[in-house]
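Next come the chains, spelled out residue by residue.
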Amino acid sequence: MTPSSSLSNRLSTYLFNRPNLVLCLLLLPPLLWLGVIYLGSLFSLLVQSFFSIDDFTGKVVYDLSLNSYARLFSATNLAIIFRTVMMASAVTVICGIIAFPLAYYIARFASGRTKALFYVAVMLPLWSNYLVRVYSWKLILAKEGAIHWMFNALGLGPLLEWILSLPVVEGSSLSTSYIGTALTFIYIWLPFMVLPIQAALERVPRSLLEASSDLGARPGETFRKVIFPLAIPGIAAGSIFTFSLTLGDYIIPQLIGSSRPFIGQAVYQFQGTAGDIPMAAAFAMVPIVIMAVYLTIAKRLGAFDAL
Amino acid sequence: MSKGDAAATPQSTAVSFRDVSRHYGSVKAVDRVSFDILDGEFFAMLGPSGSGKTTSLRLIAGFEQPTSGSVIIHGKDMNGVPPYDRDVNTVFQDYALFPHMNVVDNVAYGLMIRKVPAAERRRQAEEMLEMVALGGFGQRKPSQLSGGQRQRVALARALINHPSVLLLDEPLGALDLKLREQMQVELKAIQRRVGITFIYVTHDQGEALSMSDRVAVFNQGHIEQMARPHELYENPATAFVAGFVGVSNLLQGAAARAISGQDGACSIRPEKIYLATPGSAVPANAMSVAGRVTTILYLGANTRYDVALESGGEVTVAVQNRESHFEPAEGEQVLLWWEARHLMRLAG
């Protein structure tokens, strides 16, 4: 036996007899990463939000105060928060409505090559650059773009004009209206809704559907009483993605839509242009609080019971 | 195919197959099968995996439709009738309990679908749970139950609808031996109490023999034999049945000819054979053959001797360890004998 092999042998034996040490060695790096870098910076964000900025010097005052939070509840800022939450909710609901039938088909009917094809079709957009996709939507939604052209070609131009002139929507073209922003968000986040729902449906064994049918339930009843309740954890997981990603995004609303700001843009402007880090931090806390509330409600409603 | 005589008193037919086939592409899962199952009968479908027994059950439940032929339940042709319109219920192999509902809601599912008021269905569900000895478990989730308890919930969930026929797809397959034996006794008792037809799919011949009024032995999509358990064991119609139901010594070709005196395979059960010292006298109605012991396996209740026959072939002999008897050693010459009626001549 050579010395090196005996050394590695001894090391193997040493580790074999100390499974907890192995576990520690495996978990320490990711826990350090998560604990120090991720949670640490989140905590520092929280602390920053309790500082304030001196109006004259523009310097951060390191005294704890609720100044930033008081400013957060100004009418302008509340409007930004309301606008963002409404957009995130709409995007989430529409993503769910579009994703469910697709996920259902992939999980229950597609098999072999068809299934692989659908996976690729859902995932493919994620492989290309985010900015490229957003800019291509800007082109598609523009006044001279494909959708306006199609409506005009079908003689439905006035209909589109009417929709765009509705209150709230208000835009000269799709690319400068909330509809355009929502369409782009829906497109970009759709995979994050399809995949969890599909995974949840995939886990429902066929025998459950047969049992329901065997016990007298028509397909519609089986869907309402068995399939849908068991898909809810997937829908909840998907909605967490679409909702939180929309809450935090600052690029799509900047490139597409009316120029009215969303939370992400507000954070961006406060920490960049304005140099008001405490206010940016306070704004950044908003999505975190909203998500905490959202998850609590989802849990109360039993969204995770079937997990 | 020999037919059992469970119909000593005239009974109506619960389920009948008329020339039923179910093909998947070129695979004939069930191939032109016909049989009748009587009302109130405990009927087992026995066979190895892929023999068509589960497909036959699924054809009765309505999860599959026959490629040709017809499945008739209580005189009505079931072609095109979906599972939810059939008066049968199924106990699934994996139990198929709804994971998001507690035990009471699982059991009451069929009643809920039929819009029975909530209080009434809870009462009936609790009653059913009492019957399967699960009173007080109603509020638990299926994931909090043991395998045997889930099995009972599945049974209660099916029986609460008072189906005319209950289908059981290897319901005891996932349980350990002790529990399985206990559940066999309970299932049989429950069937007597509720008095409905049980159709029981299993690959376990012991289960089929101990519980059933009649057994159909499936092989490669058709029925090899359909008979009462006793008849099936003592009088297998084919080599497949002889081999699948119980342990059997199958003798073919020259070895069979030397023993039976005619062509064709024959078979004899290990426990029907007596061991004696060479040259012993044997009863007048007995057949005997000489051989040499090759292997001895002590199995507790009995001892298994493998004996190489002088005429060719090998037979296994099972001797009960009741008291001291002739105990040959390995390599010793012995005389084997059995009553002539225990030699089974086989077709196929």
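For clarity, every value in this text was computed on a predicted model and none was experimentally measured.

Cut-offs and rules
- Residues numbered from 1 in each chain as written.
- Chains lettered and ligands numbered in written order.
- Predicted model: local features only at pLDDT ≥ 70, side-chain atom pairs only at ≥ 80, totals over all residues.
- Heavy atoms only, no water.
- Helix = DSSP H or I, 4+ residues; strand = E, 2+ residues; numbered from the N terminus.
- Contact = heavy atoms within 4.5 Å.
- Areas by Shrake-Rupley, 256 points an atom, 1.4 Å probe, with all protein chains shown as cover.
- Lys, Arg positive; Asp, Glu negative; His and termini not counted.
- Charge placed at Lys NZ, Arg CZ, Asp CG, Glu CD.
- Axes fitted to C-alpha atoms, helices over the stretch in contact; angles between N-to-C directions.
- Parallel < 35°, antiparallel > 145°, perpendicular 65-115°, else oblique.
- Left-handed = near helix turned anticlockwise from the far one by under 90°.
- Nonpolar A, V, L, I, M, F, W, Y, C, P; charged D, E, K, R; others polar.
- Core = buried A, V, L, I, M, F, W, Y, C linked by side-chain atoms within 4.5 Å.
- Buried < 20%, exposed > 50% of the residue type's maximum accessible area, 1.4 Å probe, protein only.
- Polar contact = N/O pair within 3.5 Å; in protein donor to acceptor, adjacent residues only side chain to side chain.
- Buried area = accessible area lost by both parts, 1.4 Å probe.
- Salt bridge = Lys/Arg side-chain N within 4 Å of Asp/Glu carboxyl O.
- Domains from an automatic or database assignment.

### Overview of the overall build of chain B
When helices and strands are counted, chain B shows 10 helices and 18 strands. The principal-axis extents of the C-alpha atoms in chain B amount to approximately 80 × 45 × 40 Å. In chain B, the proportion of contacts linking residues at least 24 apart, taken out of those at least 6 apart, comes to 65%. Element-wise, carbon and sulfur atoms account for 49% of the exposed surface of chain B, whose accessible area totals about 15,400 Å². Taken as two groups, the 34 positive and 37 negative side-chain charges of chain B have centres that lie 6 Å from each other.

### Observations regarding the packing of helix α6 (residues 130–141) of chain A against helix α9 (residues 178–202) of chain A
Residue and element names in this part refer to chain A. It is the contact of α6 with α9, at a shortest axis distance of 10 Å, that shows an interaxial angle of 140°. Our classification of the angle between α6 and α9 gives oblique. In this structure, α6 meets α9 at a crossing whose hand is right-handed. Taking contact as the criterion, the partners of Tyr130, Arg133, Val134, Trp137 and Leu141 in α6 are, on α9, Gly180, Leu183, Thr184, Tyr187, Ile188 and Trp189. Considered class by class, the residues forming the contact of α6 with α9 number 8 nonpolar, 2 polar and 1 charged.

### A few points about the nonpolar core
Counting 76 residues, the largest nonpolar core has Val15(B), Phe17(B), Phe35(B), Met45(B) and Ile199(B) as its most contacted members. Counting residues per element, this core draws most heavily on α9(A), which supplies 11 residues. Setting aside residues up to four positions removed in sequence, Phe35(B) forms contacts with Val15(B), Ser16(B), Phe17(B), Arg18(B), Phe43(B), Met45(B), Phe218(B), Ile223(B) and Met226(B). In terms of nonpolar packing, the next biggest core, distinct from the first, is built from 35 residues, Leu111(B), Val116(B), Leu172(B) and Phe198(B) among them.

### Some remarks on the environment of Lys53(B)
All names here are of chain B. Tracing the backbone through its elements, the reader meets Lys53 in helix α1 (residues 53–61). On a C-alpha basis, the gap between Lys53 and Val217 in space is 8.5 Å, while along the polypeptide they are 164 residues apart. Every residue in contact with Lys53, bar those within four places of it in the chain, is listed here: Met45, Leu46, Gly47, Pro48, Glu170, Val201, Thr202, His203 and Phe218. Engagement of the side chain of Lys53 in a polar contact is seen with the backbone oxygen of Pro48, the distance being 3.2 Å.

### Let's talk about helix α13 (residues 263–271) of chain A
The complete set of buried residues in α13(A) reads Ile263(A), Gly264(A), Gln265(A), Ala266(A) and Phe270(A). Residues of α13(A) that are buried sit in contact with α3 (67–72), α4 (75–108), α11 (219–248), α12 (252–255) and α14 (277–300) of chain A.

### Focus: the interface of chain B and chain A
Contact with chain B, which involves 25 residues of that partner, is made by 21 residues of chain A. Buried surface at the junction of chain B and chain A, both sides included, amounts to about 1,900 Å², of which 59% is carbon and sulfur. Counting the contacts that link chain B with chain A gives 3 salt bridges. When the shortest N-O distance is used, the salt bridge between Arg58(B) and Glu210(A) registers 2.6 Å. Across the chain B-chain A interface, the total number found is 8 residue pairs in polar contact (both at pLDDT 80 or more). Elements with a minimum of two residues in the side of chain B that touches chain A: α1, β6 (88–91) and α3 (109–113) of chain B. Its residues assigned to classes, the side of chain B that touches chain A shows 14 nonpolar, 5 polar and 6 charged.

### Some thoughts on the domain arrangement of chain A
For chain A, the assigned domains read domain 1 (3–39) and domain 2 (70–300). Taking only C-alpha atoms into account, the centre of domain 1 of chain A sits 41 Å from that of domain 2 of chain A.

### Overview of the domain arrangement of chain B
Residues and elements named next belong to chain B. Looking at the assigned domains, one finds that chain B contains domain 1 (6–244) and domain 2 (249–345). Of note, the centres of domain 1 and domain 2, computed from C-alpha atoms alone, are 39 Å apart. The junction of domain 1 with domain 2 conceals about 580 Å² of combined surface from both sides, 45% of it contributed by carbon and sulfur atoms. Counting across the interface, domain 1 meets domain 2 through 1 salt bridge. A salt bridge links Glu234 to Lys272; its shortest N-O distance comes to 3.2 Å. Linking domain 1 with domain 2 are 4 residue pairs in polar contact (both at pLDDT 80 or more), by the criterion used here. Mapped by element, the contributors of at least two residues to the side of domain 1 that touches domain 2 are α8 (229–234) and α9 (239–244). Examining the composition of the side of domain 1 that touches domain 2, we find that 3 residues originate from one element, α8, more than from any other. Its residues placed into classes, the side of domain 1 that touches domain 2 shows 5 nonpolar, 1 polar and 1 charged.

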